Structure formats: C-alpha cells, structure tokens
Amino acid sequence: MTEVTAEAMSAEAYPADYWVTIPGGPFIMGTDELRDDGKPRSAAPEHRVDLAEFRIAKSPVTVREFREFVEATGYVTTAEQSGKSWVWIGDPAVIVPDQDYLWKEIDGASWRTPRGADSTLEGKDDHPVTHVSYFDCVAYCDWSGTRLPNEAEWEKAARGTDGRLYPWGNEEPTGEHCNHSMGVGDTSPVGAFPKAAGPYGVEDIVGNVWEVMSNGFHRYPFDESKPRRVIKTRAGTIELGAIRGGSFYNNCDPRGCLAWVRIYNLPDYSCYDMGFRVCAR
C-alpha cells in the first residue's frame, strides 16, 4: 500500500449537501431467512442494533473524487501495483445467475482502465470509482478526513427502522429500482436511480457497486469490536472484511440487492463492481 503524504482534508470542508444525517436509535439488522439447504445465512440472526447519529456520504466516491485524491498524493492503488484486477468477461446478453466463474484477473485493469489496459474512463467522472481495495479505501479516508461506514451504519441507511427488505420497501427489484443484474451492464452515474436512495436519501445504497465496510466479517449479532474472521492460505493468514449493497453485475440475481446481504472481502482484492462511500468522522 502506498503511503499517503499529502495533508489530510477536513470532513467539515465538504458542502452541507455532501452528507446525509442518519438519526440515532435502534433498527432491525440481519435476517432469519434460511438458505436453500436449511442453514442460517451469514446475515443471521435478525437482531436489533442501536446506533448513535452519524453522517454518511450521499453518494459513493466517484471517479472524479478519487482522481483528485491521486493527483494530490501520488497514491498508487493495489491493482496498479500488482498490474491486474478482476473483471467479468461474460456475455452481457446472457443474464442468468451463477456466472462468477467468468470473473478473471485482467492485466492492466485498474481504476483508470476498468476493463483492461485498452479501456478508458471517458464520460465516467460521475460514476463510482472501482478497482479499489480495502487498503485503497482506507488511504482515501486518511486523506479526506473521513472514514468507512461499518455494516450496521450502512444497513440502517439502506433500510431505515421499519425492517424493509430493500431501500424502497419490500417490492422485488426491477430495472427502475437500481442498477443491478446486468440490466445496464456497467456502472452508472451516481444518483441515476432515485428509488435506490432508501428512506434517508442515500443514493445508490444498493446496486451500481458493492461498497467496502470498515469492520471485519464476523458472526452476528453485529459487534464492530469483534475480531475479523481469519482464513488460512498458502501466503499465510488473511483477515476478512465485508462488502455490502450488490452491484450492476450482482451475479445476475436481483436478490443480491436485499438490504441484509453481506459478503466477505479480502483486504487486497479489487474488481470492476466494487467501490466505497465514506462517513464523517
């Protein structure tokens, strides 16, 4: 990870409409829905979590915003250092679930060239930045005077206090609700799907890109202080993080937009459908 040497910004320097204030108080987190094999899901059990008031960015971090960070600091992302990142190479006309095997590490893929060395960001300044790892997100937060949201904060912003399944209610997603399941086939400008803004007006809270969380992946009930789940690999042990919100790809399964869905994430992993948003410190 590249060290950030430029002077950090203050979150108070952002315009007032950059933030959405989420009121303090309890909400319902997780689900009691079982998997097809009858076992609990990683988001089980449904439980009550009480949060203090917090401010979350109205939109995911955009290409334009991330470029400003890189130009100010000279930061080099994980993908740029390794020379490759993950891209889905399937046929966008074949919209069926379970095509994750078509995610491949592509040489030259990075936030600057999201589909590989010959691709560009032309016309995408207002799209979410992608191909950023957890390490990259933390570096951006250090520079911008912000922090990543934890899973509880994110989920309350997505579903409010009435236990709804999706940010817009309990209606299953269509192409009008959010950018999901290859309906668009790519990232979209932030705010392009008003119904994805949830009960508090947090744009693209589901769909478009998965969002990196601050906390480690752990068994519920949620507790930010719980240690991260650890896996063993040939390279050693790795602490797992979490991502939320689904994406434009979303395994071509609309249920990935459910507000309780959570997936573990490797800290150095980056891909074309994962970005992040920030909270005020």
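Report follows, based on the coordinates. (Residues numbered from 1 in each chain as written. Predicted model: local features only at pLDDT ≥ 70, side-chain atom pairs only at ≥ 80, totals over all residues. Heavy atoms only, no water.)

### Here we look at helix H1 (residues 63-73)
Taken residue by residue, H1 has Val63, Glu65, Phe66, Phe69, Val70 and Thr73 as its buried positions. Projection of H1 onto a plane perpendicular to its axis shows the buried side chains occupying an angular sector of 165°, all on one side. Residues of H1 that are buried in the fold lie against helix H3 (134-144). Once H1 finishes, Gly74 follows within two positions and takes phi at roughly 75°, a positive value. (Buried < 20%, exposed > 50% of the residue type's maximum accessible area, 1.4 Å probe, protein only. Helix = DSSP H or I, 4+ residues; strand = E, 2+ residues; numbered from the N terminus. Arc of directions from axis to C-beta. Contact = heavy atoms within 4.5 Å.)

### Some points on H3
Burial of H3 is extensive: eight of the 11 residues sit out of reach of the surface. Every buried residue of H3 is listed here: Tyr134, Asp136, Cys137, Ala139, Tyr140, Cys141, Trp143 and Ser144. Buried-residue contacts for H3 involve H1, helix H2 (78-82), strand S7 (146-147) and strand S8 (210-216). Phi for Gly145, located one or two positions after H3, is positive at around 70°.

### Observations concerning the environment of Lys39
The topology assignment puts Lys39 in the loop between strand S2 (25-29) and strand S3 (47-51). A relative accessible area of 49% means that Lys39 is categorised as partly exposed. Between the C-alpha atom of Lys39 and that of Thr113, which follows or precedes it by 74 residues, the distance is 40 Å.

### A look at the packing of H1 against H3
In the contact formed by H1 and H3, the axes pass within 11 Å of each other and the chain directions differ by 75°. Taken together, the axes of H1 and H3 lie roughly perpendicular to each other. On H3, the residues touching Glu65, Phe66, Glu68, Phe69, Ala72 and Thr73 of H1 are Ala139, Tyr140 and Trp143. Of the residues in the contact of H1 with H3, the class split is six nonpolar, one polar and two charged. (Axes fitted to C-alpha atoms, helices over the stretch in contact; angles between N-to-C directions. Parallel < 35°, antiparallel > 145°, perpendicular 65-115°, else oblique. Nonpolar A, V, L, I, M, F, W, Y, C, P; charged D, E, K, R; others polar.)

### What to know about the environment of Val212
Its place among the elements puts Val212 in strand S8. On a C-alpha basis, the gap between Val212 and Ala242 in space is 6.3 Å, while along the polypeptide they are 30 residues apart. With near-sequence residues (within four places) excluded, Val212 lies in contact with Tyr134, Cys137, Leu148, Pro149, Ala242, Ile243, Met274, Gly275 and Phe276.

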